[in-house]
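An overview of the molecular structure
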Amino acid sequence: MKKWTALLFLCIIWILQGCNDEHFTSINQHQSFVASVNILEPSIDFFDSKGERIATWEFDKAYTGATLIPYDRIVLYGHELNEVDIYELSTGKLIQSIETGTGTTNAYYDEEENVLFITNSKKNTVASFNEHGKKLGEIRLKDYPMSMDSHQGKLYVVNYKSPVLSVVDIKSMALIDEWPIDKSSTGLLVVEETDTLWVGGHGAGSHPNQKVKVLDLQTGQLVQEIQASHMPVGFTKNGEVVYITNHGSNELYACDVNGNVLWSKEVGANPFSVAAFKDMIIVAGFDDNQIYFLEEDGKVLHKNPTKSGPFQLLVREV
């Protein structure tokens, strides 16, 4: 009987150890990639600059977004999950979980300050963490904080369900200012060349937004409106060109840093995200489960299938 008990105990230990050792395909630390974060089939597809698939991570958890921490970690979150998980890319292993409670809407990493920010729609807060996951501070904002960007020690946060953009001091996590914006704004980009902040949005009800609002980065004053297409929500910048995805019209717009439209092109089905990667522009088609590799002039080089619902793009260039 004692032998059977001992054997059972060893089996349990072996099973638990096997669970702890569970990991995803490793991503070489020297490997550049663009990653598609898919939310209908929770997963991440990793591709190299030639569009070759490096790996696919498939999850049991309902992750809805991610961000990268240089140079070997990825932060995964889900609005209905109680924790934010951090994986090491080179091993594919979960190395840390941060208890947040449900309601996480976004995660953003400031590389200058080495600070991770997590917004929460249930508490209407943004919390800051150091690169080791230690909580540094937290501040309550307006309704449904979500889109974030930062510049020179300031964090800019769009409150999706409030007509307010919050400006937060990164070190003290104190509120510096609040700027008026449209309700249902989403998508944010700092453009250093013109000292401006570009804000996108969905629009409300039967009136879809068709403009990108350009704010003075110091005062929050509206300095320009860029006529885009339906629902400009995704931004990326490559050199002195800003690319904007319009998910209501399936269009990609290219503008110079002064807001002049250079060209536009229909690409992808219901695209939410755009990214710059190795002198290419990548667009994620949410409804057609494809990511598109484009030249800087908009010519499509190739497209690659992903798991269902590519919602966000992450880029690591080594």
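How each quantity is defined
- Residues numbered from 1 in each chain as written.
- Predicted model: local features only at pLDDT ≥ 70, side-chain atom pairs only at ≥ 80, totals over all residues.
- Heavy atoms only, no water.
- Helix = DSSP H or I, 4+ residues; strand = E, 2+ residues; numbered from the N terminus.
- Buried < 20%, exposed > 50% of the residue type's maximum accessible area, 1.4 Å probe, protein only.
- Contact = heavy atoms within 4.5 Å.
- Core = buried A, V, L, I, M, F, W, Y, C linked by side-chain atoms within 4.5 Å.
- Phe/Tyr/Trp six-rings, centres within 6.5 Å; stacked < 30°, edge-to-face > 60°.
- Pairing = 2+ DSSP bridges.
- Axes fitted to C-alpha atoms, helices over the stretch in contact; angles between N-to-C directions.
- UniProt positions renumbered as here; feature names shortened; annotations may be inferred.
- pLDDT = per-residue confidence, 0-100.

Within the element layout of this structure, Ser184 appears in the loop between strand 15 (175–180) and strand 16 (185–191). Classification of Ser184 by relative accessible area gives buried; the value is 13%. Residues contacting Ser184, with those up to four places away along its chain left out, are Tyr160, Gly201, His202 and Gly203.

Turning our attention to the nonpolar core. Among the nonpolar cores identified, the biggest contains 18 residues, and Ile44, Phe46, Trp57, Ile74, Leu76 and Leu89 are the most heavily contacted of them. Among the secondary structure elements, those contributing two or more residues to this core are strand 1 (33–38), strand 2 (43–47), strand 3 (53–58), strand 4 (65–69) and strand 5 (73–77). A total of 3 residues in this core trace back to one element, the largest contributor, which is strand 1. If you look at the next biggest cluster of nonpolar residues, it comprises 13 residues, including Trp198, Val242, Tyr253 and Val257.

Next up on the list: the packing of aromatic side chains. When we look at a pair of aromatic rings, we describe it by the centre distance and by the angle of the planes. Applying the stated rule across the entire model yields 14 aromatic pairs. Between Phe272 and Phe311, the ring centres sit 5.1 Å apart and the planes meet at 50 degrees, which makes this aromatic pair tilted. Note that Phe272 is positioned in strand 26 (residues 271–277) and Phe311 in strand 30 (residues 310–316), a separation of 39 residues in sequence. On the basis of relative accessible area, Phe272 is assigned to the buried category, the value being 19%.

Bringing the sheet that holds strand 21 (residues 222–227) into the picture now. Here 4 strands make up an open sheet; going across it, the order is 16-17-20-21 and the pairing antiparallel. Strand pairing shows two members of the sheet lacking a second neighbour, strand 16 and strand 21, which therefore form its edges. Averaged over all adjacent pairs, the angle separating strand axes in this sheet is 25 degrees, with direction ignored. The pairing of strand 20 (residues 211–216) with strand 21 spans 5 bridges and is classified as antiparallel. Each bridged residue has a counterpart across the sheet, and for Leu215 the counterpart in strand 21 is Leu222.

This next bit is on the UniProt feature "domain: Pyrrolo-quinoline quinone repeat" (unreviewed entry) in the chain. The positions that UniProt labels "domain: Pyrrolo-quinoline quinone repeat" (unreviewed entry) are, in the present scheme, residues 209–305. Here residues 209–305 runs as 0% helix and 63% strand, with 29 Å between its end C-alpha atoms.

Let us now look at the pairing of strand 23 (residues 241–246). Taking burial as the measure, the 6 residues of strand 23 include 5 buried ones, the bulk of the element. Bridging between strand 22 (residues 232–238) and strand 23 involves 6 bridges; their strand directions are antiparallel. Among the inter-strand pairings, Gly234 is bridged to a residue of strand 23, identified as Thr245. Direction of pairing for strand 23 relative to strand 24 (residues 251–256): antiparallel, over a ladder of 6 bridges. For Tyr243, the partnering residue across the bridge sits in strand 24 and is Ala254. Joining the antiparallel neighbours strand 23 and strand 24 is a turn of 4 residues, in which Asn250 adopts a positive phi near 60 degrees.

Further remarks concern the pairing of strand 25 (residues 261–266). Each regular strand displays side chains that alternate between the two surfaces of the sheet. Sheet topology note: the strand 24/strand 25 ladder contains 5 bridges and is antiparallel. Looking across to strand 25, one finds that Glu251 is bridged to Glu266.

Moving on, we get to the sheet that holds strand 10 (residues 125–130). Strand order in the open sheet formed by 4 strands is 8-9-10-11, with antiparallel pairing between adjacent strands. The open sheet has two edge strands with one neighbour each: strand 8 (104–110) and strand 11 (135–140). Strand-to-strand twist in this sheet, taken as the mean axis angle between neighbours without regard to direction, amounts to 15 degrees. Alignment of strand 8 against strand 9 (residues 115–120), held across 6 bridges, turns out to be antiparallel. Its bridge partner lying in strand 9, Tyr109 is registered against Leu116.

This part is about the confidence of the model for the chain. Per-residue pLDDT for the chain averages 93, and the proportion of residues at 70 or more is 92%. Note that pLDDT drops below 50 for residues 5–20; the model gives that stretch 0 contacts with residues more than four away or on any other chain.

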